[in-house]
Amino acid sequence: MRLLPAVSSLALAVSLSACTSVSQQSQPATATASPTASRAVPTQLPANVRPLQYRISATPDAQNLRFSARTDIDIQILEATDSITLNAANLVFDEVSIGNAGDGPGAPVALNPRDIAIDADKQIATFRFPRILAPGRYRLTTRYRGKIETQAAGLFALDYDGPEGKKRALYTQFEAPDARRFFPGWDEPQFRTPYNLSVTIPAGEDAVSNMPQAGAQAHPNGTKTISFQTTPAMSSYLLFLGVGEFDRITTLAGDTEIGVVTKKGDSEKGRYALEGSAQVVPYYNQYFGTRYPLPKLDNVAGPGSSQFFGAMENWGAIFSFESILLVDPAITTEARKQSIFSVAAHEIAHQWFGDLVTMAWWDDLWLNEGFASWMATKSTDALHPEWQPLLGRIGGREEAIGLDSVTTTHPIVQNISTVDQISQAFDAITYRKGEAVITMLEDYVGEDAWRRGVQDYIATYRLKNTVTDNLWEKVEKAAGKPITAIAHDFTLRPGVPLIRVESSTCSGGKTEAVLSQGEFTRDRPAKQPLSWRVPVIASTVGGGKVRTLVTNGRASVTLPGCGPILVNSGQTGYYRTLYTPAMFQRLTGSYGRLQPVDQIGLLADTWGLGLAGHQSAATALELIDAIPANANPKLWSRAASILSQISGMYAGDPQRQALVSRYASAKLSPILRRLGWTGKASELSNEAVLRAELIDMLGEIGDPDVVREANRLYAANDPAATSGPLRTTILGVVAANLDAPGWERLHAQAKAEKNQLVRAQLYTLLGSARNEALARNALALALTDEPGATNSSAIIAAVADVHPDLAFDFALQNREKVEILVDASSRSRFVPGLAADSSNRATIAKLRDYAERHMTPQSRRPADVAIASIEDRVRVSETRLPDLTRWLETKVR
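In this text the structure is predicted, and so the values were computed from the model without any measurement.

This part takes up the overall build of the chain. When helices and strands are counted, the chain shows 30 helices and 29 strands. Overall size of the chain, expressed as C-alpha extent along the three principal axes, is 85 × 65 × 55 Å. Considering only contacts within the chain whose residues lie at least 6 apart along the sequence, 72% involve residues at least 24 apart. Working note: accessible area of the chain is about 31900 Å², and carbon and sulfur atoms make up 49% of it. Put simply, the chain has 90 plus and 94 minus side-chain charges, and the middle of one group is 2 Å from the middle of the other.

Structure (structure tokens):
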């Protein structure tokens, strides 16, 4: 699913997540055990009944935000029972009956309302029968009513302005535990069944689902019933339904029909995604060795947004918000076009890894998300190498390490027991650490062996559920090389290894290096560091790579050449590397000779080590100072990001922020001048991306030339500010520096805008003003109906990016109103996350009070993560900023 949307860039790379204390997870894993393979699959339902097939007939009442439905479930009763318990949330049952289905005994037995027990907290319904039901096959029939949500959970509505006025389309979002809001059933991934779905809708609308339409029947009352072909056996969270006034464009990838579904009039905006998807499907057919199994694959674009996901891998009917899928010449940047391709590649990868083969329980969610993230990078590199996506993996690794190096981290394979924990599991550990570990293990066993193992895994477990060790067994068999113990170290325990280069000696043209392994942590002393078996690649600058495995905390390696030592050469490893000062000085002197991937990786490593206190935080500035002017655009992007973080760390100290601004301007403005504010036909794609990033970053830190030019273009209605790839960036700079009249002008633009993508962007920008009074105006606006149901939470989040304490306090004061603006299954993350960028110790007490009052012990982890983020930021401010200040005062005159 659900590729995570872009979230605020926290200065210390701490973001919202589900967390388990390191202290609870610090016991070493047994090297030869297979705990994930041998454990029983968890369930929150009795094990005496299993579903065999669903037949769902729904009639939405979109205008009144409600629906009625009938669901017939063929079930197998495994043990004699007088009750059946299944998942149901916010459903009102009008009729329930059970009867003969195939070999089931007995006649139907009507149930009265008193025979139905609802547990709203556990989201289950229990049907109690007047007699014992013997083992066998039955059909359980329910007639019921439900609510159409205004946020992305269950069946939900998205409103938009069409040429003929206000319109409303309906979509479903069932991951993680929200299918139960649309139909009663066994809403857990292990219960794979076929689905027959039909829907009765207005005659002028259309419907799309996982499978092609099987037929349509018109009714005299102006409605029609559309039925869909039966799905393969699949998990409940993968079922999809969309209803509205749609356009659909198609192409073929082999014998598979690829489609993009949009609201009427927007189909050509989906052409780019359609063409990209038609490239990706054949690549995956070949890579996985198993062809895409359904007759069609649609990507359905919906207006609006969510704070917690951008797209969802429903089998055969991916759902994506329009900003994630459509190319609009008015606002789409080059970076967004690359993202559209990679998000589609991520969701299409799920059609095999997640849909065809599905994790048995949410503990192994990473099998879906980490693998899809890795596969998206791999396919993007194969199909668009000019974008250099492999360099982007470093950013993902850093995002993961940011979470994984504090006490609130958790293992990749984690214990999930509640609905809130399922939602919270969609974090950077699951996605980014998962991708990083797969990258490391593929390199360790070899690309061909890894692929053979994956192909065997898919072929063996197609239409089945798996646990993580099923994958390790297949890869180990294909590689003829043990990896399970290494994989367990990185998936069953939390944390980040720290590889120290203890010493190096050159003799006879070779360098002997001694390595030791500790633990990289930012918020606790590693007196008893965890132990990993760490695959390490090392080289001397300009020399060949050598691989070794650090076991029992130590290793030595002999490298060709006598140049500076580089550990994690190629940056495929998931660990930090700490050099002695003399070794690092030699590396700095050769920085311009490193490959771009190692330049970026070394800079990221150095910055992280400095913030954690392993070395001076200013050491990263020494590397930034050594970047050659003609460096790779992604290296300049990483440098700009670090400088932006440093500026943010000086919030409230304008004198020192001015130091950062002067240094950053001196370093980055020449690069922007070379690129210019207007794209060139001959420029690289990543140069276009860097141009926007530099304008954004320099505008953010108040570079006078950039702010002046952005305001000039905006005031003059210059085409660059009204349409095209820099529009979003220019408006972002303008919005951050607005005065009251400017804010009202932008507000008027937002109210008048009919383009849904542009309108959503304008409302979000209203929340980004540095002026606190204007930020308060934006928060008040978010609680009105004006922005739209899914835009209001984006406004509040935008305020939190700049004024975290203000946004958090506002949410506390208006908690019930704010929570309505967020997806139901993700509410436990939203309010605590608003405070995550705070540097105010007083906010910690407020977070703890909020968690005590409004969160269960099982759901309070986002609050704990936000607290850890604040504590870390305060600690860095007190202990690391002095190094940065001294360096800047020396450099900037």
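Turning our eyes to something else, we now look at the packing of aromatic side chains. Per the stated rule, a full pass over the model turns up 37 aromatic pairs. Both rings, one in Tyr457 and one in Tyr461, keep their centres 5.5 Å apart while their planes meet at 55°; by these two values the pair is tilted. Taken together, the residues span about one helical turn, with Tyr457 and Tyr461 both in helix α9 (residues 447–461) at a distance of 4 residues. Comparing Tyr457 with Tyr461 shows no difference in burial state: the two are buried. Feature note: the residues Tyr283, Tyr284, Tyr287, Phe288, Tyr292, Trp352, Phe353, Phe371, Trp374, Trp450, Tyr457 and Tyr461 constitute an aromatic cluster, connected by ring pairs. The residue whose ring lies beneath Lys263 is Tyr160, and the NZ or CZ to ring-centre distance is 5.5 Å.

Turning to the pairing of strand β10 (residues 165–173), a few remarks are in order. The sheet contact formed by strand β9 (residues 154–162) and β10 spans 9 bridges and is antiparallel. Bridging from a neighbouring strand, Ala157 pairs with Leu170 of β10. Here β9 hands over to β10 after 2 residues, the two strands then running antiparallel side by side. Strand direction decides the pairing type here: β10 and strand β15 (residues 241–244), joined by 2 bridges, are antiparallel. Residue Tyr171 lies in a different strand from β15, and its bridge partner there is Gly242.

A separate point is the environment of Asn686. Relative to the helices and strands, Asn686 resides in helix α17 (residues 685–700). Put simply, Asn686 and Glu334 are 352 residues apart on the chain and 8.1 Å apart in space, counted from C-alpha to C-alpha. Not counting chain neighbours up to four residues away, the residues in contact with Asn686 comprise Gln338, Glu386, Trp387, Gln388, Pro633 and Lys634. In terms of polar contacts, Asn686 uses its side chain to reach the side chain of Gln338, at 3.4 Å.

Quick look at the pairing of strand β16 (residues 246–253) now. For β16 and strand β17 (residues 256–263), the ladder comprises 8 bridges, and the chain directions are antiparallel. Looking at the pairing, Arg248 lines up with Val261 of β17. Here β16 folds back onto β17, and the loop between the two strands holds 2 residues, one of which, Gly254, carries a positive phi near 65°.

What follows covers the packing of helix α15 (residues 633–649) against helix α16 (residues 654–675). In contact at an axis separation of 9 Å, α15 and α16 are set at 165° when each is read in the N-to-C sense. Our classification of the angle between α15 and α16 gives roughly antiparallel. As α15 runs across α16, the sense of the crossing is left-handed. Where α15 abuts α16, its residues Trp636, Ala640, Leu643, Ile646 and Ser647 lie against Gln657, Val660, Tyr663, Ala664, Lys667, Leu668 and Ile671. Tallied by class, the residues present in the contact of α15 with α16 amount to 9 nonpolar, 2 polar and 1 charged.

This brings us to helix α6 (residues 389–404). With 16 residues, α6 ought to run about 22 Å at 1.5 Å a step, and its terminal C-alpha atoms sit 23 Å apart, in line with that. For α6, the tally of buried residues reaches 12 of 16 residues, placing the bulk of the element in the interior. Every buried residue of α6 is accounted for by Pro389, Leu391, Arg393, Ile394, Gly396, Arg397, Glu398, Ala400, Ile401, Gly402, Leu403 and Asp404.

Scanning all chains against the criterion turns up 58 salt bridges. The salt bridge partner of Asp255 is Arg291, with a shortest N-O separation of 3.4 Å. Pair noted here: Asp255 is in the loop between β16 and β17 and Arg291 is in the loop between α2 (271–288) and β18 (296–302), with a separation of 36 residues, a long-range link. Overall, Arg291 belongs to the partly exposed group, its relative accessible area being 48%. When the shortest N-O distance is used, the salt bridge between Arg522 and Asp872 registers 2.6 Å. Of this pair, Arg522 sits in the loop between β24 (510–520) and β25 (534–540) while Asp872 is found in helix α29 (residues 861–879), placing the two residues 350 residues apart along the sequence. Overall, the relative accessible area of 1% leaves Asp872 in the buried class.

Here we take up the sheet that holds strand β28 (residues 565–567). Reading across the sheet, the 3 strands line up as β26-β25-β28 and stay open at both edges, with antiparallel pairing between neighbours. Of all the strands in the sheet, just β26 (546–550) and β28 have a single pairing partner and so form its edges. Each strand axis lies, on average, 30° off the axis of its neighbour in the sheet, ignoring direction. Relative to β28, β25 runs antiparallel, the two sharing 3 bridges. Within the sheet, the bridge partner assigned to Thr540 lies in β28 and is Ile565.

Glancing now at unusual backbone geometry. It is generally the case that most residues other than glycine have a negative phi and that most peptide bonds are trans. Glu175 connects to Ala176 through a cis peptide bond whose omega is 5°. Along the chain, Ala176 falls in the loop between β10 and β11 (195–202). Positive phi, normally seen in glycine, also occurs at Asn552, with a value near 55°. By the secondary structure assignment, Asn552 is in the loop between β26 and β27 (554–560). For Asn552, a relative accessible area of 77% corresponds to the exposed category. Positive phi values are uncommon outside glycine, yet Asn568 reaches one of about 65°. Position of Asn568 among the secondary structure elements: in the loop between β28 and β29 (576–578).

Our next topic: the environment of Leu603. Position of Leu603 relative to the elements: it lies in helix α13 (residues 596–611). For Leu603, the contacting residues outside a window of four places in its chain are Tyr591, Ala620, Leu623, Ile624, Leu635, Arg638, Ala639 and Ile642.

The strand order across the open sheet built from 4 strands is β27-β24-β23-β29, with neighbouring strands paired in mixed fashion. Sheet topology places β27 and β29 at the edges, where each strand pairs with a single neighbour. On average, each strand axis in the sheet is tilted by 30° relative to the strand beside it, whichever way the strands run. By the bridge criterion, 11 bridges tie strand β23 (residues 496–507) to β24 in an arrangement that is antiparallel. Pairing of Pro497 across the sheet is with Glu519, part of β24. Sheet strands touched by α13: β23, β24 and β29. Its angle to β29, the strand with the most contacts, is close to 75°.

Its 17 residues place the ends of helix α4 (residues 334–350) 25 Å apart at the C-alpha level, agreeing with the 24 Å of an ideal helix rising 1.5 Å per residue. The buried count for α4 comes to 12 of 17 residues, which makes it a mostly enclosed element. Residues of α4 that are buried include every one of Glu334, Gln338, Ile340, Phe341, Val343, Ala344, Ala345, His346, Glu347, Ile348, Ala349 and His350, and no others.

Positionally, Trp743 belongs in helix α21 (residues 740–752). Overall, Trp743 belongs to the buried group, its relative accessible area being 3%. Along the backbone, Trp743 and Trp361 are 382 residues apart, and their C-alpha atoms lie at a distance of 48 Å. Discounting residues that sit within four places of it in the chain, Trp743 has contacts with Leu738, Leu766, Leu774, Asn777, Ala778 and Leu781.

Here, disulfide denotes a covalent bond that connects the sulfur atoms of two cysteines. Applying the stated rule across the entire model yields 1 disulfide. One disulfide in the model links Cys506 with Cys562; its S-S distance is 1.6 Å. When the S-S torsion is 40°, as for the bridge of Cys506 with Cys562, the disulfide is right-handed. Here Cys506 is found in strand β23, whereas its partner Cys562 is found in the loop between β27 and β28, with 56 residues between them in sequence. The partly exposed category is assigned to Cys506, whose relative accessible area is 41%. For Cys562, a relative accessible area of 32% gives the class partly exposed.

Thresholds, definitions, all that
Residues numbered from 1 in each chain as written. Predicted model: local features only at pLDDT ≥ 70, side-chain atom pairs only at ≥ 80, totals over all residues. Heavy atoms only, no water. Helix = DSSP H or I, 4+ residues; strand = E, 2+ residues; numbered from the N terminus. Contact = heavy atoms within 4.5 Å. Areas by Shrake-Rupley, 256 points an atom, 1.4 Å probe, with all protein chains shown as cover. Lys, Arg positive; Asp, Glu negative; His and termini not counted. Charge placed at Lys NZ, Arg CZ, Asp CG, Glu CD. Phe/Tyr/Trp six-rings, centres within 6.5 Å; stacked < 30°, edge-to-face > 60°. Buried < 20%, exposed > 50% of the residue type's maximum accessible area, 1.4 Å probe, protein only. Lys NZ or Arg CZ within 6 Å of the ring centre and 35° of its normal. Pairing = 2+ DSSP bridges. Polar contact = N/O pair within 3.5 Å; in protein donor to acceptor, adjacent residues only side chain to side chain. Axes fitted to C-alpha atoms, helices over the stretch in contact; angles between N-to-C directions. Parallel < 35°, antiparallel > 145°, perpendicular 65-115°, else oblique. Left-handed = near helix turned anticlockwise from the far one by under 90°. Nonpolar A, V, L, I, M, F, W, Y, C, P; charged D, E, K, R; others polar. Expected span 1.5 Å × (residues − 1). Salt bridge = Lys/Arg side-chain N within 4 Å of Asp/Glu carboxyl O. Disulfide = S-S within 2.5 Å.

The values reported here are purely geometric and, on their own, carry no functional implication.
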